[in-house]
Amino acid sequence: RMLMGLLAGCIGSAAMLAIMMGNAGGAWDNSKKLCEKLKIKKTDQGKACVVGDTVGDPFKDTSGPSLDILLKLMAMVSLLIAPLVDGQDDWETWYFGLIVLVICIIATLVLMQKNILTWQDPLGAASIGGGDASEAPAGAPTVVKAWSDGPREAGASID
């Protein structure tokens, strides 16, 4: 039952992830084509479209299809593991899972102690508008340049 649950969960999540990555990659690729059609390649939006295309191509071409290989590999490994768990009652060797859980919790605590794993935003001090974040007063709204209409406040509706 454990292997069936593992395979069912992995197949469902990997299939959804592959579809999402294929669609997102296609959308980023289409945004670059739209920028070329609107002739805004030399603007900031054009540069963002190039970055989106740089991310979108691997999503569409490699990451999504490679999940298919992952699914096949997991099916083969589960077929190899099946004889090892055959004939064991549920919860007979529960402590193996507990050992892995304790090791993961200890590793997490060590990484948190060394400030490798934190809740702080690593880009929290960065400014979206291009200026220095220290120039803006505390609590001031972030100004984001949207298209070519000029500055807008973050969270403002786009009409």
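Residues numbered from 1 in each chain as written. Predicted model: local features only at pLDDT ≥ 70, side-chain atom pairs only at ≥ 80, totals over all residues. Heavy atoms only, no water.

Caption draft 1: Representation of the state of the cysteines within the structure. According to the stated counting rule, one finds 1 disulfide in the structure shown. Between Cys 35 and Cys 49 runs a disulfide, and the two sulfur atoms are separated by 2.1 Å. One end of the pair, Cys 35, is in helix α1 (residues 2-38); the other, Cys 49, is in helix α2 (residues 44-85), with 14 residues separating them in the sequence. Here Cys 35 and Cys 49 have matching classes, each one buried. (Disulfide = S-S within 2.5 Å. Helix = DSSP H or I, 4+ residues; strand = E, 2+ residues; numbered from the N terminus. Buried < 20%, exposed > 50% of the residue type's maximum accessible area, 1.4 Å probe, protein only.)

Caption draft 2: Structural view of α1. Taking 1.5 Å as the rise per residue, α1 with 37 residues should run 54 Å; its terminal C-alpha atoms sit 53 Å apart, in good agreement. Immediately beyond the C-terminal end of α1, within one or two residues, lies Lys 39, with a positive phi of roughly 55 degrees. (Expected span 1.5 Å × (residues − 1).)

Caption draft 3: Quick look at the confidence of the model for the protein chain. Averaged over the protein chain, the pLDDT score is 76; the fraction of residues at 70 or greater is 76%. Within the protein chain, the lowest mean pLDDT, 49, falls on strand β1 (residues 143-145), and the highest, 93, falls on helix α3 (residues 94-113). Confidence drops under pLDDT 50 across residues 143-147; counting only partners more than four residues distant or on other chains, this segment forms 12 contacts. (pLDDT = per-residue confidence, 0-100. Contact = heavy atoms within 4.5 Å.)

Caption draft 4: Inspection of α3 at higher detail. Helix length check: α3 (20 residues) gives 29 Å between terminal C-alpha atoms against 28 Å at 1.5 Å per residue, within 8%. Directly beyond the C-terminal end of α3, a positive phi value near 60 degrees is found at Asn 115.

Caption draft 5: Fine view of the pattern of salt bridges. A complete count under the given rule lists 2 salt bridges for this structure. Close ionic contact of Lys 32 with Glu 36 constitutes a salt bridge, the shortest N to O distance being 3.7 Å. Of the two residues, Lys 32 and Glu 36 both sit in helix α1, 4 residues apart, roughly one turn of that helix. By relative accessible area, which is 36% here, Glu 36 ends up partly exposed. (Salt bridge = Lys/Arg side-chain N within 4 Å of Asp/Glu carboxyl O.)

Caption draft 6: Local environment of unusual backbone geometry. In this structure, Lys 39 takes a positive phi of about 55 degrees despite not being glycine. With respect to the helices, strands and loops of the structure, Lys 39 is situated in the loop between α1 and α2. Using a relative accessible area of 74% as the deciding quantity, one classes Lys 39 as exposed. Phi at Asn 115 takes a positive value of approximately 60 degrees, unusual for a residue other than glycine. Positionally, Asn 115 belongs in the loop between α3 and β1. Residue classification places Asn 115 among the exposed positions, given a relative accessible area of 59%.

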